[in-house]
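Spelled out from the first residue to the last, the chains are:
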Amino acid sequence: MYVSVNVMGYRISSSKCLAMCLVLTFIMGCYLASLPIQEEKRALPSPTRYRLSVANLKKKNLAVLVPFRDRFEELLEFVPHMYHFLGKQNIPFHIFVIQQSDSNRFNRASLINVGFLHTKDEYEYIAMHDVDLLPMNDNLKYEYPSTNPLHISSPKTHPKYHYETFIGGILLIKREHYELVDGMSNNYWGWGLEDDEFHVRLKDAGLAVKRPENISTGIENTFRHIHDKTYRKRDMRKCYNQREVTRRRDRRTGLHNVAYNMKSIHQVKIDDLPITVLNVELLCDKSTTPWCQCPEPSAVKKTK
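Residues numbered from 1 in each chain as written. Predicted model: local features only at pLDDT ≥ 70, side-chain atom pairs only at ≥ 80, totals over all residues. Heavy atoms only, no water.

Got a minute to help me understand the state of the cysteines in this structure?
Each disulfide consists of a covalent bond between the sulfur atoms of two cysteine residues. Using the criterion set out here, one finds 2 disulfides in the structure. Cys284 shares a disulfide with Cys292; S-S distance 2.1 Å. Taking the torsion about the S-S bond as the criterion, the Cys284 to Cys292 disulfide, at about -90°, is left-handed. According to the relative accessible area criterion, Cys284 is partly exposed, its value standing at 23%. For the chain, numbering the cysteines in disulfides from first to last along the sequence yields the connectivity 1-4, 2-3. (Disulfide = S-S within 2.5 Å. Buried < 20%, exposed > 50% of the residue type's maximum accessible area, 1.4 Å probe, protein only.)

Would you explain the layout of surface pockets in this entry?
Over the atoms a probe the size of a water molecule is rolled, and this reveals where empty space is left. Here the largest pocket is characterised by a volume of approximately 900 Å³. Within the residue set of the lining of the largest pocket, elements represented by two or more residues are β3 (62-68) and α5 (194-204). With 3 residues, α5 is the largest single contributor of residues to the lining of the largest pocket. The residue inventory of the lining of the largest pocket, partitioned by class, reads 11 nonpolar, 9 polar and 17 charged. (1 Å grid on protein atoms, 1.4 Å probe; cavity = no way out; pocket = protein on both sides within 12 Å on 5 of 7 lines; lining within 4 Å. Points joined across faces, edges and corners; volume = space filled by probe spheres on them. Helix = DSSP H or I, 4+ residues; strand = E, 2+ residues; numbered from the N terminus. Nonpolar A, V, L, I, M, F, W, Y, C, P; charged D, E, K, R; others polar.)

Just to check I follow, could you spell out the environment of Ala127 for this structure?
With respect to the helices, strands and loops of the structure, Ala127 is situated in strand β5 (residues 125-129). Taking C-alpha positions, Ala127 is 9.7 Å from Gly169, a pair spaced 42 residues apart along the chain. Discounting chain neighbours no more than four positions away, the residues touching Ala127 are Leu62, Ala63, Val64, Leu65, Leu171 and Leu172. (Contact = heavy atoms within 4.5 Å.)

How do you make sense of the sheet that holds β3 when you look at a structure like this?
Strand pairing within a sheet occurs via backbone hydrogen bonds; the two strands may be parallel or antiparallel. With mixed pairing, 7 strands are arranged side by side in an open sheet as β7-β8-β5-β3-β4-β11-β10. Each of the sheet's edge strands pairs with one partner strand only, and the pair in question is β7 (150-151) and β10 (260-270). Strand direction decides the pairing type here: β3 and β5, joined by 4 bridges, are parallel. Each bridged residue has a counterpart across the sheet, and for Val64 the counterpart in β5 is Ala127. Across the sheet, helix α2 (residues 72-88) touches β3, β4 (93-100), β5, β10 and β11 (273-282), and the angle it forms with β4 is around 165°. (Pairing = 2+ DSSP bridges. Axes fitted to C-alpha atoms, helices over the stretch in contact; angles between N-to-C directions.)

Laid out in structure tokens, this is it:
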């Protein structure tokens with residue numbers, strides 16, 4: 001069937017109209033194809049800080065550094081507890097589990113050094129935090145320690161350690177102060193004394209450690225200590241000249257020369273709560289700290 005169309009005073013047949021439409025469509029397609037493709041810009045995901053309000057954006061960011069090895073049961077309790085505890089305080093924070101993945105003895109101080117190096121560009125202060133120590137008193141504030149380091153688990157409230165110079169368990173320190181004292185010593189393989197040496201570093205730098213005030217609870221109910229000493233024994237062995245060296249102030253090692261390889265970084269969720277796991281291989285110079293691999297005591301032969 002023949003159909004004619006009147007366009008601007010011209011009569012055009014339907015077949016010619018169809019042909020013109022096809023030509024115009026082809027021309028427009030070629031034009032659009034020649035335009036440069038502009039990729040849609042998307043904002044990179046922000047660090048998984050726990051933010052509860054707009055006012056919280058103005059607060060300093062806290063990196064909770066958890067030195068870790070083979071403590072998964074404790075971690076399952078720690079993460080939900082800390083999210084609930086710090087969430088009530090409106091603290092913008094993120095938990096970094098620094099897992100030691102090598103055959104050397106555990107080195108808590110070096111792991112904290114590594115965690116600090118990884119987080120210092122985005123987080124203004126850190127909490128050096130044991131995975132088995134859970135704060136129970138809401139008056140323990142994890143706010144930015146602008147003037148001096150803040151020891152949350154003071155000797156008056158810690159369930160185990162009560163000497164005056166104790167600063168282990170949970171210590172908050174701002175970025176500038178941690179760098180000022182060159183972090184922690186890397187000499188402490190095995191359990192104990194690394195926090196005592198760090199206390200001397202702070203004292204030498206003129207940084208007096210503050211502690212929470214007006215805490216009405218005591219050693220029985222300020223914290224929950226979930227470490228099972230029968231199941232997880234402390235590595236308290238001393239070998240070579242370890243005892244002699246680790247009793248002295250270390251002026252040679254620290255943040256500037258912690259030796260490690262970052263094996264992998266994983267974003268993990270526990271009960272749908274995000275944390276970051278750093279798998280770290282600590283490197284040991286056996287010429288200076290041979291006790292990084294203490295030989296096991298030989299079995300005692302039974303005598304008749």
